[in-house]
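Here are the chains, one letter per residue:
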Amino acid sequence: MKVDLGDLNAFVAVARAKGFRDGARASGASASGLSEAVSRLETELGVRLLNRTTRSVAPTEAGQRLLERLGPALSEVESALDVVNSFRDRPAGTLRLNVPVSAARLVLPAIVPRFLSQYPDIQLEIIAEDTFIDVLAAGCDAGIRYDERLEQDMIAVPIGPRVQRFAAAAAPAYLDRHGRPEHPRDLLHHACLRGRFSSGAMMSPWEFERDGEIVRIEPAGPLLVSIGGATELSIDVAIAGTGVIKLFEDWLRPHLDSGALEPVLEPWWQSFSGPFLYYPDRRLVPAPLRAFIDFIKAG
C-alpha cells in the first residue's frame, strides 16, 4: 500500500476544519485539491473516511480513528523536518498567525516590516478575525490574544504595548449640539456607535473606571457595525458627528490628535493589559515561529 503523505495531510486538514473550504483556508491548498486528495486516500485504503453532505463534513468511525493516530505522527514529521531547518544559516518556511483585527491594526505594523527584513526566507501569513478559534485546528502555528482569551496548555509571550486603554470620543460638533457627558451614565442619553462580533454576539457593555469605581452601561444608538471589517466606518461616522464611539485609544489617537474627535469622559477611560503571542507547549518549536518569538523578546 502506497499512501501519499500529502493526501494524509489533506485528510487531516479537512477533518479538523470539518469542511473542504475551511480546510483549504487553513492549509493553503484549494478546496478542489483537498477533495481529490481525500478521494485518492479513500480509494487507496478502501474505506470511506469522511461523511459528506451539502452542509457538513464529518469523519466516519474509521476516519476518526485515523485522525487520532495521524495528528501526533504528522506533528513528529514536521518536527523532524524542522530539525533540518535549524541547520540553515537563516530560518525558512511559512509562519501562520491567527490574530484579532485590533492586533493586526495596532500591534503588528510596528513588528512585521522589521521581522521580514531580518528573516527574508520566512513567509508570514496573517489571518485576522475576531472569532476565537483553536489555532492548531485552523492550521496556524500561533495566535495573538488578550489574556482573558488565552487557551489552556499554551505558552504566552508578551507582544506589543503592555498597557492599553479604551477611549470614548465624539466629534466636537456633536458634543456642541448634545452636551458633554460628565458621568458614564450620561451616555444613556446619547447616540452611541456600537459593535458586534462576526459570531453575532454583541460587544461587552461599555465599561468605565475611576478611583476604583466601575460603571457598566448598555448604550443605544443608530449604528451597529461588525467588529473588524466595519470598524473604520464607525470612526468615519463618529467624525461626521453622528454619535459617541468607544474603541482602543491607539486606534482613535490620530483623530484625537487632529481634533476631528474630542475625548469623552477621559478620566474614566479603562486600562487593560496588552496582548500575548501564544503557542502550544511542545518539545520542538518550528524554526519560523522560534525566530519570531526570539525577535519579539529582543524588542
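Provided above is the structure to which this section pertains.
Here's a quick rundown of the structure. Model, not experiment: these values are computed from the prediction.

Our next topic: the overall build of the protein. Assigned secondary structure in the protein consists of 10 helices and 15 strands. The buried share among the 299 residues of the protein stands at 44%. Carbon and sulfur atoms make up 51% of the accessible area of the protein, which totals about 15,700 Å².

This part covers the side chain of K246. Relative to the elements of secondary structure, K246 occurs in strand β12 (residues 244–248). For the buried residue K246, which engages in no salt bridge, the nearest side chain bearing the opposite charge is E207, 7.6 Å off.

This part is about the sheet that holds strand β4 (residues 122–128). Here we have five strands laid out as an open sheet, ordered β4-β3-β5-β15-β6, and mixed in their pairing. Each edge of the open sheet carries a strand with a single partner, namely β4 and β6 (154–158). With strand direction ignored, the average angle separating the axes of adjacent strands in the sheet is 25°. Summarising the sheet, β6 and strand β15 (residues 276–280) pair through five bridges and their orientation is antiparallel. In the sheet register, P158 faces β15, and the bridge partner there is F276. Here helix α10 (residues 287–298) sits on the sheet and contacts β3 (93–99), β4, β5 (142–145), β6 and β15; the angle it forms with β15, its principal contact strand, is near 150°.

A separate point is helix α3 (residues 31–45). The terminal C-alpha atoms of α3, which comprises 15 residues, lie 21 Å apart, in line with the 21 Å expected from a rise of 1.5 Å per residue. Within the sequence span of α3, burial applies to L34, A37, V38, L41 and E42. Summarising the axial view, the buried residues of α3 lie within an arc of 135°, below the 170-degree limit, and thus occupy one face. Two residues or fewer after α3 comes G46, characterised by a positive phi angle close to 75°.

Let us look at helix α1 (residues 5–17). Under the 1.5 Å per step criterion, the end-to-end length of α1 is 18 Å for 13 residues, consistent within 8% with the ideal 18 Å. Among the residues making up α1, those that are buried are D7, L8, A10, F11, V12, A13, V14, A15 and A17. Immediately beyond the C-terminal end of α1, within one or two residues, lies K18, with a positive phi of roughly 60°.

Let us now look at the environment of A58. Tracing the sequence through the fold places A58 in strand β2 (residues 57–59). By relative accessible area, A58 is classed as partly exposed at 35%. Between the C-alpha atoms of A58 and G19, which are 39 residues apart in sequence, the distance is 7.8 Å.

Where strand β8 (residues 192–196) meets β12, two bridges bridge the pair, whose relative direction is parallel. If you follow L193 over to β12, its bridge partner there is I245. In the sheet, β8 pairs with strand β11 (residues 223–226) via four bridges, with the strands oriented parallel. Looking across to β11, one finds that R194 is bridged to L224.

As a further point, take the packing of helix α8 (residues 231–239) against helix α9 (residues 249–258). Where α8 meets α9, the axes come as close as 12 Å, and the angle between the chain directions of the two elements is 30°. Taken as a pair, α8 and α9 cross one another with a handedness that is right-handed. Contact residues: T231, E232, I235 and I239 in α8; W251, L252 and H255 in α9. Split by residue class, the contact of α8 with α9 holds four nonpolar, two polar and one charged.

The rules behind each value
As a convention, each chain's residues are numbered from 1 in the sequence order in which they are written. Only residues with pLDDT of at least 70 get local features here, since the model is predicted, and only at 80 or more are side-chain atom pairs given and counted; chain-wide, interface and lining totals rely on the full set of residues. Hydrogens are left out, water is left out, and the side-chain values use all remaining heavy atoms of the structure. Runs of H or I in DSSP of at least four residues are treated as helices and runs of E of at least two as strands, each being numbered from the N terminus. The cut-offs for exposure are 20% and 50% of the maximum accessible area for each residue type, with area from a 1.4 Å probe on protein chains only; residues under the lower value are buried, those over the upper are exposed, and the others partly exposed. Values of accessible area rely on a 1.4 Å probe in the Shrake-Rupley scheme; residue burial ignores everything except the protein chains shown. By the counting scheme adopted, Arg and Lys are positive, Glu and Asp are negative, and His together with the chain ends is not counted. Here, a salt bridge means any side-chain nitrogen of Lys or Arg that lies within 4 Å of a carboxyl oxygen of Asp or Glu. Strand pairing is defined by DSSP finding a minimum of two bridges between the two strands. Orientation is described by axes fitted as lines to C-alpha atoms, over the contacting stretch for helices, and by angles from 0 to 180 degrees between their N-to-C directions. Contact between two residues is taken to exist if any of their heavy atoms lie within 4.5 Å; hydrogens are not considered. One fewer than the residue count of a helix, multiplied by 1.5 Å, yields its expected span. What the arc measures is the spread of directions leading from the helix axis to the C-beta atoms. In this scheme, a crossing is called left-handed if the near helix is turned counterclockwise away from the far one by less than a right angle; it is called right-handed if the turn is clockwise. As a working rule, the residues Ala, Val, Leu, Ile, Met, Phe, Trp, Tyr, Cys and Pro are called nonpolar, Asp, Glu, Lys and Arg charged, and the rest polar, with Gly in that last group.

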